[in-house]
Amino acid sequence: MRSVDRFKTMTCRPGPLRVGRSLRDTYAGFAVGLPPVGAKIYQATKGSPTPKAHHASRSDRSTRSGPGRQRLSLIAAAMMFVFGAGLRAETLVVNSFGAKGDGTADDTHAIQSALDKGAGKHVTVTFRPGTYRMGSIFVKSGETLEIPKGVKLLGIQDLAAYPMMPTRVAGIEMTWPAALVNVYKQKDVKITGEGTIDGDGSYWWKSYWDLRKQYEPRGLRWAADYDAKRPRLIQVFDSSQVKLDGMELERSGFWTVHICYSEDVTVDHVTIRNNIGGKGPSTDGIDIDSSRKILVEHADIDVNDDALCLKSGRDADGLRVNRITEDVVIRDSVIRKGAAAVTFGSETSGRFRNIEAYNLTAYEGVGSGVLIKSAKVRGGGGENLRVHDLHLNGVKIPIQVNLNWNPSYSYAEMPKDAKDAPPYWKVLTERVPEEQGIPRFNDVHIWNIEATGAHTAIAMAAYPTAKLKDFRIDHVKIAAEAAGSITDTDGLALSDITLTVPKDDRLKIENNVGLKGLDEVRYPE
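Quick summary incoming for the structure in this document. None of these values were measured; they are calculated from a predicted model. (Residues numbered from 1 in each chain as written. Predicted model: local features only at pLDDT ≥ 70, side-chain atom pairs only at ≥ 80, totals over all residues. Heavy atoms only, no water.)

### A closer look at the overall build of the protein chain
Then step 1. Tallying secondary structure elements over the protein chain gives nine helices and 32 strands in all.
Then step 2. With 525 residues in all, the protein chain has 56% of them scored as buried.
Then step 3. Sequence-distant contacts in the protein chain: of pairs separated by 6 or more residues, those separated by 24 or more amount to 74%.
Then step 4. With an accessible surface of roughly 22600 Å², the protein chain has 51% of that area assigned to carbon and sulfur atoms. (Helix = DSSP H or I, 4+ residues; strand = E, 2+ residues; numbered from the N terminus. Buried < 20%, exposed > 50% of the residue type's maximum accessible area, 1.4 Å probe, protein only. Contact = heavy atoms within 4.5 Å. Areas by Shrake-Rupley, 256 points an atom, 1.4 Å probe, with all protein chains shown as cover.)

### Examining the side chain of Glu347
Then step 1. By the element assignment, Glu347 lies in the loop between strand E23 (325–344) and strand E24 (352–363).
Then step 2. Judged by relative accessible area, which is 3%, Glu347 ranks as buried.
Then step 3. A polar side-chain atom of Glu347 sits 2.7 Å from a polar atom in the side chain of Lys311.
Then step 4. Apart from the residues lying within four places of it in its own chain, the contact partners of Glu347 are Ala170, Gly171, Trp255, Leu310, Lys311, Ser312, Gly313, Arg314, Phe352, Arg378 and Tyr409. (Polar contact = N/O pair within 3.5 Å; in protein donor to acceptor, adjacent residues only side chain to side chain.)

### Focus: the environment of His109
Then step 1. Among the structural elements, His109 can be located in helix H3 (residues 108–117).
Then step 2. Placed ten residues apart in sequence, His109 and Ala99 show a C-alpha to C-alpha distance of 8.1 Å.

### Here we look at the nonpolar core
If you look at soluble globular proteins, the nonpolar side chains tend to sit buried side by side.
Then step 1. Residues Leu145, Val181, Ile191, Ile286, Ile330, Phe344 and Leu499 are the most contacted members of the largest nonpolar core, which totals 104 residues.
Then step 2. Considering every element that reaches this core, the biggest residue donor is strand E28 (residues 440–461), with nine residues.
Then step 3. The contact partners of Ile330, leaving out residues within four places of it in the chain, are Ile288, Val296, Leu308, Leu310, Val342, Glu356, Ala357, Tyr358 and Leu360.
Then step 4. If you look at the next biggest cluster of nonpolar residues, it comprises 22 residues, including Leu220, Ala223, Ala224 and Trp425. (Core = buried A, V, L, I, M, F, W, Y, C linked by side-chain atoms within 4.5 Å.)

### Let's talk about the pairing of strand E11 (residues 187–192)
Strand residues, when the strand is regular, have side chains that alternate between the two faces of the sheet.
Then step 1. Relative to E11, strand E6 (residues 144–146) runs parallel, the two being bridged by three bridges. In the strand pairing of E11, Thr144 is matched with Lys190.
Then step 2. Examined bridge by bridge, E11 and strand E14 (residues 240–245) share five bridges and lie parallel to one another. Residue pairing across strands places Ile191 opposite Leu244, the latter belonging to E14. (Pairing = 2+ DSSP bridges.)

Laid out in structure tokens, this is it:
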């Protein structure tokens, strides 16, 4: 459990915040370290307050000074002498196992040898300064992989360096190349340090765009992401008690950090830069996929797709697996470029529950503030979702719900002339019954949104047979070129909404039931 004083006080503004019910009131802290409800939170900065010391009783003081205290000190010193060597964590340096760190040699085997040596021993595996060219490595239970400042782990541009393994990719279970750095079915792992993990992604990005050019004329846009096999940068798969802290992550070939089928995971102070030397396609920042008890904080993200993203499976395969994403907190982060600041979907089949995202800042180059996206074959949906205190400058659509998202990707059709189609094509094209395929979202609260330079303020659309139920949007100020539209809601409550838009432009309303507060929306001249 992380100490309470590690958590910075929320920087949300007073006043309107009181109207929102935070998930901190919904569940009283989970294993990644949220302080319990009512606990005092301290700044983790120099000069921050600390709890007052307990005042010893008269009987206590006899052992805290004089001979009594001296005897205790001698006993403690003896115990440290006897047991100290066993308590100290061992450090293994990969260079002692043959790693060169010269940016030319293949250091994969040497690094893995160090990791294998330390498996289960609570050791730290570390590096001398240098650039270590490598393929997939696997961090084991009880280990800390330290990547110090001055160290770069550089991915090899050869698919053979990434062994094919069972995993989940973009919502379906299939065999796929391992990530550059893997925590695969392990427990109690840390990856930390101020060094860099660099996927050297340009090779993988080109392979994807080349395939897209071939596939799109054939109506196979949906297959490109699965057929262009590109390694992720870090994957945490079917693991628990994992912490990623402090690294710079660059030029991932595909998704950057993928947390899948895992629990009790913390991602803290990571910087992601996937647009160095080009635009990395599908280079999501942090994907939380059918996992629970996850904390992401203090991230700084520049990517070419979703930045902070919740996922839970796609279509028939996602409905078969049926694993929820729940009890997640995302906070105190900056998004410089990406599809959205925080995204739910488009893989929604296993559902989302108890998610809170707050105190996020996003800039021009980000498509949406909060984005809920799915498709009519995904199924699933979400409930008890809380998004608040977003600070958006130049973001195109601050509030967006689109449940018929990107049809050319979302709706897979097996080509009539397909021969020897891969097994996963059959999985992707398996029919989902209409009633099972419609996603449903309810009990969603979005508040404290400030946005300038937007294109469209609000864009919400679902289905007449599966409306967005019991949504609340309040304490919102948006300056945009257009007000936008709200369609297919049931019980939507608007409060304290100010939209600065061109004269005579108003929210377009269609097929809503029980809509409250529309007449109170302010449109300053």
